[in-house]
Amino acid sequence: MPDFIAPDGHPRCLWCGGAAEFLPYHDNEWGFPVANDQRLFEKLCLESFQSGLSWRTILNKRENFRAAFHHFDFHQVARFDEDDVQRLLQNAGIIRHRGKIEAVINNALRAQEMVEQEGSLAAFFWCFEPDTSSLPPPQTQATSPESIALSKALKKRGWKFVGPTTAFAFMQAMGLVNDHSLNCITRVQVAQARQQFKRPI
């Protein structure tokens, strides 16, 4: 796969050349391992909102989403009611899709249940980290056996808008898989971060 040559002259993943705001997100966030439950919940929610849309749309509205959903503190979001849904449907700064908004509230309740059962969201999600020796070349798939399994496990627990493609994008972004292109300079940084990362248990 061809690479994007960034303004600093170094190659990056091709997709991050699509918009100026992609580069800092790519260099500082995408693929770096995350064990913080609130960040994991936020990312899964944002990936759900992205369904059928572009990541650029979501990234540009991310701060609006954070303000609207109490920075994705799922304990606060779990208390949202119909009045909150109506408020969010009037918020032009986010994606005003009732099904997706209601899914976030539902998933916040499911997240609380998961913490009670598993100890943390991180402990659950990191169980789906793939064996690195079995991975195909970077960015050659939209789903994986692990993302299909994660999607099924979440749906079984009552989560919504968490299909295999959404689950795989979440896994890519949260560092469960290093899917940076082979020539991308950030791939090495992510690999080092993953090596030093303490897997949650």
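What you are looking at is a predicted structure, and each value in this text was computed from that prediction instead of being measured.

K.L.:
Give a detailed account of the pattern of salt bridges, specifying residues and quantitative values.
P.N.:
Evaluation of the coordinates by the stated rule reveals 14 salt bridges. Residue R56 is joined to E21 by a salt bridge in which the shortest nitrogen-to-oxygen separation is 2.9 Å. Taken together, the residues span a long stretch of sequence, with R56 in helix α3 (residues 55–60) and E21 in the loop between β2 (11–12) and α1 (22–28) at a distance of 35 residues. Put simply, R62 and E29 hold a salt bridge, and the shortest N to O gap is 2.8 Å. Of this pair, R62 sits in helix α4 (residues 62–68) while E29 sits in the loop between α1 and α2 (37–50), and the two are 33 residues apart along the sequence. Residue classification places R62 among the buried positions, given a relative accessible area of 12%. When salt bridges that share partners are traced, they join D8, R12 and D27 into one network.

K.L.:
Requested: an account of unusual backbone geometry, with residues and values cited.
P.N.:
Where the residue is not glycine, phi is negative for most of them; where a peptide bond is considered, it is trans in most cases. We note that F72 has phi near 60°; this positive angle belongs to a residue other than glycine. Residue placement: F72 occurs in the loop between α4 and α5 (74–77). In this structure, F161 is a non-glycine residue whose phi angle is positive, near 55°. Within the secondary structure layout, F161 lies in the loop between α9 (145–156) and α10 (164–173).

K.L.:
Break down the nonpolar core for me, citing the residues and quoting the values.
P.N.:
Membership of the largest hydrophobic core comes to 56 residues, with the highest contact counts inside it found for F41, F65, F69, I101, F125, L150 and L154. Setting aside its immediate chain neighbours within four residues, F65 contacts L46, F49, I58, F72, I94 and I95.

K.L.:
Please set out the layout of surface pockets residue by residue, giving values where relevant.
P.N.:
Of the pockets and cavities examined, the largest pocket occupies roughly 470 Å³. Together, 19 residues line the largest pocket, and E47, Q50, W55, A169 and Q172 are the ones closest to its centre. Mapped by element, the contributors of at least two residues to the lining of the largest pocket are α1, α2 and α10. Top element by residues in the lining of the largest pocket is α10. It accounts for five residues. Class assignment for the residues of the lining of the largest pocket results in nine nonpolar, eight polar and two charged.

K.L.:
Account for the packing of aromatic side chains, naming residues and giving values.
P.N.:
In total, this model carries 16 aromatic pairs according to the counting rule given. Seen from the ring of W55, K43 lies directly overhead, with NZ or CZ sitting 3.5 Å from the centre. Just above the ring of F80 sits the side chain of R87; from NZ or CZ to the centre is 5.4 Å.

K.L.:
Give me the lowdown on α2, citing residues and values where you can.
P.N.:
The end-to-end C-alpha separation of α2 is 20 Å, in line with the 20 Å expected for 14 residues at 1.5 Å each. In terms of residue burial, α2 counts as a mostly covered element, since 12 of its 14 residues are buried. Sitting at the amino-terminal end of α2 is N36, which places a side-chain oxygen 3.0 Å from the backbone nitrogen of Q38. Just beyond α2, the residue with positive phi is G52, at close to 85°.

Cut-off values and rules
Residues numbered from 1 in each chain as written. Predicted model: local features only at pLDDT ≥ 70, side-chain atom pairs only at ≥ 80, totals over all residues. Heavy atoms only, no water. Salt bridge = Lys/Arg side-chain N within 4 Å of Asp/Glu carboxyl O. Helix = DSSP H or I, 4+ residues; strand = E, 2+ residues; numbered from the N terminus. Buried < 20%, exposed > 50% of the residue type's maximum accessible area, 1.4 Å probe, protein only. Core = buried A, V, L, I, M, F, W, Y, C linked by side-chain atoms within 4.5 Å. Contact = heavy atoms within 4.5 Å. 1 Å grid on protein atoms, 1.4 Å probe; cavity = no way out; pocket = protein on both sides within 12 Å on 5 of 7 lines; lining within 4 Å. Points joined across faces, edges and corners; volume = space filled by probe spheres on them. Nonpolar A, V, L, I, M, F, W, Y, C, P; charged D, E, K, R; others polar. Phe/Tyr/Trp six-rings, centres within 6.5 Å; stacked < 30°, edge-to-face > 60°. Lys NZ or Arg CZ within 6 Å of the ring centre and 35° of its normal. Expected span 1.5 Å × (residues − 1). Polar contact = N/O pair within 3.5 Å; in protein donor to acceptor, adjacent residues only side chain to side chain.

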